[in-house]
Amino acid sequence: MVTLLILNIGTFMAVGFEKILLLYNPLTYPTADVISTYLYRVGIVSGNLSYAAAIGLFESVIGLTLVLSANAISRRTVGTSLW
């Protein structure tokens, strides 16, 4: 169970991009904007690909940090870790 929890922690940042994108319009930007839809709007729609790549890299670094810290906490408390 701990191993599956560690592997799923990396997907905490994913919030269902497709469902939000289906109802996405300029009126819903203030309430429905998440990192994935903001990245889509800035990168694809506006054409600012370098800024979108930086946002995507930042999101990946946050996911990696979450997985590494969950692995370290699991190793200390339970004795089971991924590596």
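Here the structure is shown first, and the text comes after it.
The paragraphs below set out a description of the structure included in this document.

What counts, and at which threshold
Residues numbered from 1 in each chain as written. Predicted model: local features only at pLDDT ≥ 70, side-chain atom pairs only at ≥ 80, totals over all residues. Heavy atoms only, no water. Helix = DSSP H or I, 4+ residues; strand = E, 2+ residues; numbered from the N terminus. Rg over C-alpha atoms; globule rule 2.2 N^0.38 Å. Buried < 20%, exposed > 50% of the residue type's maximum accessible area, 1.4 Å probe, protein only. Contact = heavy atoms within 4.5 Å. Areas by Shrake-Rupley, 256 points an atom, 1.4 Å probe, with all protein chains shown as cover. Salt bridge = Lys/Arg side-chain N within 4 Å of Asp/Glu carboxyl O. Axes fitted to C-alpha atoms, helices over the stretch in contact; angles between N-to-C directions. Parallel < 35°, antiparallel > 145°, perpendicular 65-115°, else oblique. Left-handed = near helix turned anticlockwise from the far one by under 90°. Phe/Tyr/Trp six-rings, centres within 6.5 Å; stacked < 30°, edge-to-face > 60°.

Further remarks concern the overall build of the chain. The helix and strand tally for the chain stands at five helices and zero strands. Ordered by position in the sequence, the α and β elements of the chain form the string α-α-α-α-α. Here the C-alpha atoms of the chain give a radius of gyration of 16 Å, more than 25% beyond the 12 Å that 2.2 N^0.38 yields for 83 residues. Per-residue burial for the chain yields a buried fraction of 22% across its 83 residues. Of all intrachain contacts in the chain linking residues separated by at least 6 positions in sequence, the fraction that spans at least 24 positions is 35%. In the form shown here, the chain has an accessible surface area of approximately 5,900 Å², with 70% of it arising from carbon and sulfur atoms.

Scanning the entire structure with this criterion turns up one salt bridge. Residue Asp 33 is joined to Arg 41 by a salt bridge in which the shortest nitrogen-to-oxygen separation is 2.4 Å. Exposure remark for Asp 33: the relative accessible area of 26% places this residue in the partly exposed category.

To continue, consider the environment of Ser 36. Note on placement: Ser 36 falls in helix 4 (residues 35–45). Of the residues examined, Ser 36 reaches a relative accessible area of 18% and is grouped as buried. If near-sequence neighbours (up to four positions away) are discounted, Ser 36 is found in contact with Phe 17 and Glu 59.

Here we take up the side chain of Glu 59. Within the secondary structure, Glu 59 is located in helix 5 (residues 49–77). Setting aside chain neighbours within four positions, we find Glu 59 in contact with Met 13, Ile 35 and Ser 36.

To continue, consider the packing of helix 4 against helix 5. Contact geometry for helix 4 and helix 5: axes closest at 8 Å, N-to-C directions at 160°. Put simply, helix 4 runs roughly antiparallel to helix 5. Crossing handedness for the pair helix 4 and helix 5: left-handed. Across the interface between the two elements, Ile 35, Ser 36, Tyr 38, Leu 39, Val 42 and Gly 43 of helix 4 pack against Leu 49, Tyr 51, Ala 52, Ile 55, Gly 56 and Glu 59 of helix 5.

In this structure the tally under the stated criterion is three aromatic pairs. Judged by centre distance (6.0 Å) and plane angle (65°), the ring pair of Phe 17 and Tyr 40 falls under edge-to-face. Here Phe 17 is found in helix 2 (residues 17–22), whereas its partner Tyr 40 is found in helix 4, with 23 residues between them in sequence. Consider the rings of Tyr 24 and Tyr 29, whose centres lie 4.8 Å apart with planes at 45°: the pair is tilted. According to the relative accessible area criterion, Tyr 24 is buried, its value standing at 14%.

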